[in-house]
2 protein chains.
Amino acid sequence: METRITRLLGIEHPVVQAGMAGGPTTPRLVAAVSEAGGLGTLGAAYMTPAAIRMAVEEIRALTQKPFAVNLFVPEPFDPSAYDPEEIGASLAAYREELGIETPGELSYVQSFEDQLAVVLEERVPVFSFTFGVPEKEHLDALREAGIATAGTATTVREAVAVEAAGVDAVTAQGAEAGGHRGTFLGPHEGGLVGTMALVPQVVDSVGIPVLAAGGIMDGRGLAASLALGADGVQMGTAFLACPESGAHEGYKRAVLGATEEETTVTRAFSGKAARGLKNRFTEEMEGVDVPEYPVQNAHTRDVRAAAAKADRTEFMSLWSGQAPRLARPVPAAEVVEKTVALASEIVTWDGKEKGSGA
Amino acid sequence: METRITRLLGIEHPVVQAGMAGGPTTPRLVAAVSEAGGLGTLGAAYMTPAAIRMAVEEIRALTQKPFAVNLFVPEPFDPSAYDPEEIGASLAAYREELGIETPGELSYVQSFEDQLAVVLEERVPVFSFTFGVPEKEHLDALREAGIATAGTATTVREAVAVEAAGVDAVTAQGAEAGGHRGTFLGPHEGGLVGTMALVPQVVDSVGIPVLAAGGIMDGRGLAASLALGADGVQMGTAFLACPESGAHEGYKRAVLGATEEETTVTRAFSGKAARGLKNRFTEEMEGVDVPEYPVQNAHTRDVRAAAAKADRTEFMSLWSGQAPRLARPVPAAEVVEKTVALASEIVTWDGKEKGSGA
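Everything in this summary refers to the structure shown in the same document. (Residues numbered from 1 in each chain as written. Chains lettered and ligands numbered in written order. Predicted model: local features only at pLDDT ≥ 70, side-chain atom pairs only at ≥ 80, totals over all residues.)

### Quick notes on the sheet that holds strand β1 (residues 15-17) of chain B
All names here are of chain B. Across the sheet, eight strands lie side by side as β1-β9-β8-β6-β5-β4-β3-β2; this open sheet has parallel pairing. Strand pairing shows two members of the sheet lacking a second neighbour, β1 and β2 (40-43), which therefore form its edges. Strand after strand, the sheet turns through a mean of 25° between neighbouring axes, direction not considered. Taken together, the four bridges between strand β6 (residues 169-173) and strand β8 (residues 210-213) define a ladder with parallel strand orientation. Residue V170 lies in a different strand from β8, and its bridge partner there is V210. (Pairing = 2+ DSSP bridges. Helix = DSSP H or I, 4+ residues; strand = E, 2+ residues; numbered from the N terminus. Axes fitted to C-alpha atoms, helices over the stretch in contact; angles between N-to-C directions.)

Structure (structure tokens):
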């Protein structure tokens with residue numbers, strides 16, 4: 001199934017596995033998706049440069065096909081604007097229940113420059129990003145290294161900004177999508193636009209290839225996205241419960257047992273809006289005025305880690321899109337193959353032309 | 001373009017114009033959509049039985065093709081649970097600005113039984129509804145009268161309830177949709193599921209034909225919906241700016257000039273969650289604890305009417321879906337024809353089989 005996105009990325013099928021940071025995107029998962037003809041993505045935002053390098057080497061040992069590394073574009077933040085005592089108080093009950101102490105010094109983010117340096121040095125085939133647009137010098141360096149780039153947009157405005165910066169492709173992230181909202185211009189509410197509405201409006205406004213994301217779980221979603229004028233899809237939740245995924249087993253079980261009514265958009269875990277399954281933590285934290293990303297993320301890290309260790313999903317971030325009923329615990333290759341096979345039956349897609357709304 | 005929905009409703013194309021209550025759905029609009037081979041719908045929820053009868057006669061004078069009447073299923077409400085002084089105080093500044101007095105006795109809703117009696121007596125071809133499921137005796141009477149029925153669902157649970165009641169078809173209303181949310185089981189937040197995610201999950205859970213709604217504006221949206229497994233679409237905002245639409249001219253202009261970032265889900269106008277363009281009223285009323293539907297609706301009626309008369313869109317309910325950039329001020333027949341022509345190019349649809357996700 002050839003589209004502008006398969007030509008740009010050098011892949012067989014227009015199916016990109018989302019860069020789910022924080023565990024799911026093991027080298028095994030990334031390589032399995034790429035081997036099946038899609039584009040696997042290492043969600044490297046929380047990884048040290050050394051860990052990224054090691055993971056890239058592992059991926060390359062498993063596949064010679066293209067893959068992506070995904071990072072978060074840094075935003076300014078000021079931890080001193082928040083009272084650590086107050087933040088600690090909002091989390092004290094959870095620490096007590098999990099039997100852990102309040103942590104001392106916190107580390108907030110990995111250095112984006114250092115992470116990106118690995119991407120450049122390793123000449124990773126594709127670099128994707130979210131939360132903004134990298135600086136010109138970084139995009140120039142990526143271009144010079146022959147690395148294809150893809151940014152994330154949740155509105156037309158953002159898609160236009162991504163294109164204007166010279167990025168090669170844009171992922172239109174609909175409101176259904178699991179995980180962090182990529183919104184970087186204006187409040188996150190403005191970027192909560194459903195995939196069915198967002199994709200054609202983005203397609204009409206940019207010239208670069210568009211990947212549709214949000215609620216896409218199978219061949220029906222791929223076919224629908226191509227019909228809307230997208231050049232391919234990015235799927236996250238669809239790969240979450242695969243055996244190759246490094247997601248916590250309790251997290252996988254929670255997603256496989258969830259319905260479309262059970263997700264919420266919360267800032268409770270990281271300080272940035274993200275869609276995941278409702279649980280005790282999201283519900284109890286609802287009224288709390290949490291600090292911005294990445295401050296809150298750093299403050300909840302030990303709670304999330306201890307909850308995962310104790311298999312207490314009620315305190316874990318259970319990122320999920322709005323179609324968890326369609327998640328399947330099958331090998332990643334099967335997800336890619338079935339998605340493409342079904343979509344090929346539905347849609348008469350042979351390039352951009354048929355999707356034009358003009 | 002034949003699907004299960006065209007066979008059920010006796011129409012040529014699987015395109016239903018949504019029952020936008022409160023002005024847009026003039027007999028001219030309804031008839032124009034039906035004449036073009038779609039299904040026009042009279043949004044009759046706020047109309048008296050006599051007005052519905054007159055509109056039905058006008059539609060029949062303009063077309064011999066099938067059309068629908070849409071009503072709100074009544075829900076229990078108690079106006080005495082709210083303090084009219086307090087409600088009046090929250091609206092006083094608007095009344096002052098518009099130069100109107102606080103109204104005396106309020107009428108809350110039209111009698112659903114009396115409205116439905118007209119639908120039965122006139123043997124309207126299709127009856128569609130939202131906000132719940134009619135009582136068994138009403139559905140029995142509709143069936144005996146040979147009237148096809150379609151209910152609205154915002155979750156799988158609701159779609160299953162609609163089917164279990166013996167309704168002929170279900171509209172899966174995604175979060176993108178403009179106007180009132182049809183959610184009737186659980187809080188409206190649980191029913192804010194994007195169309196891309198909702199439709200396949202509903203299709204997998206019911207056997208009756210499914211209409212996709214929410215963010216669908218052209219042939220790309222119809223093709224995408226069929227790809228997701230739906231049997232047709234319901235489009236509202238796509239018909240709002242048509243010359244046949246009775247929407248206020250200021251309202252049409254506002255939608256035609258809006259972007260996908262500018263809608264919000266608000267209870268401010270009616271007490272029930274509905275998606276429309278943000279304006280001064282939705283923003284200023286954000287923190288106000290407004291009474292439930294239809295109490296708030298009755299209390300704001302004079303404000304909305306005076307605002308419309310004075311062309312003050314900042315106090316009008318400007319219901320819109322999340323793809324206003326795709327709205328066009330063209331004849332309704334052109335919307336239907338272009339939608340179908342483009343979709344036919346994109347999708348290899350020839351019935352339910354190709355949309356199956358199994």
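### Re the pairing of strand β3 (residues 67-72) of chain B
All names here are of chain B. In terms of burial, β3 is largely enclosed, as six of its six residues are buried. Here β3 shows two buried faces, one formed by F67, V69 and L71 and the other by A68, N70 and F72. Note that β2 and β3 share four bridges and pair parallel. Pairing of T41 across the sheet is with A68, part of β3. Where β3 and strand β4 (residues 126-130) come together, five bridges link them in parallel fashion. Bridge pairing links V69 to F127 in β4. (Buried ≥ 20, exposed ≤ 12 C-beta atoms within 10 Å, placed from the backbone.)

### Some thoughts on the sheet that holds strand β4 (residues 126-130) of chain A
Residue and element names in this part refer to chain A. Taken in spatial order, the eight strands make up an open sheet running β1-β9-β8-β6-β5-β4-β3-β2, and their pairing is parallel. At either end of the open sheet lies a strand with only one pairing partner, and these are β1 (15-17) and β2 (40-43). Neighbour-to-neighbour, the strand axes of this sheet turn through a mean angle of 25°, independent of strand direction. The pairing of β4 with strand β5 (residues 148-153) spans three bridges and is parallel. Following the sheet pairing, V126 is matched in β5 by A148.

### So, the relation of the copies chain B and chain A
Superposing chain B onto chain A requires a rotation of 180° together with a translation of 0.0 Å along the rotation axis, leaving an RMSD of 0.0 Å. Each copy turns onto its partner about a two-fold axis. When C-alpha distances to the rotation axis are compared across chain B, the minimum falls at A224 of chain B, with a value of 1.9 Å. Take the interface residues of chain B: 98% of them recur as interface residues in chain A, which is what a same-surface contact looks like. (Least-squares fit on C-alpha atoms with pLDDT ≥ 70 in both. Contact = placed C-beta atoms within 7 Å.)

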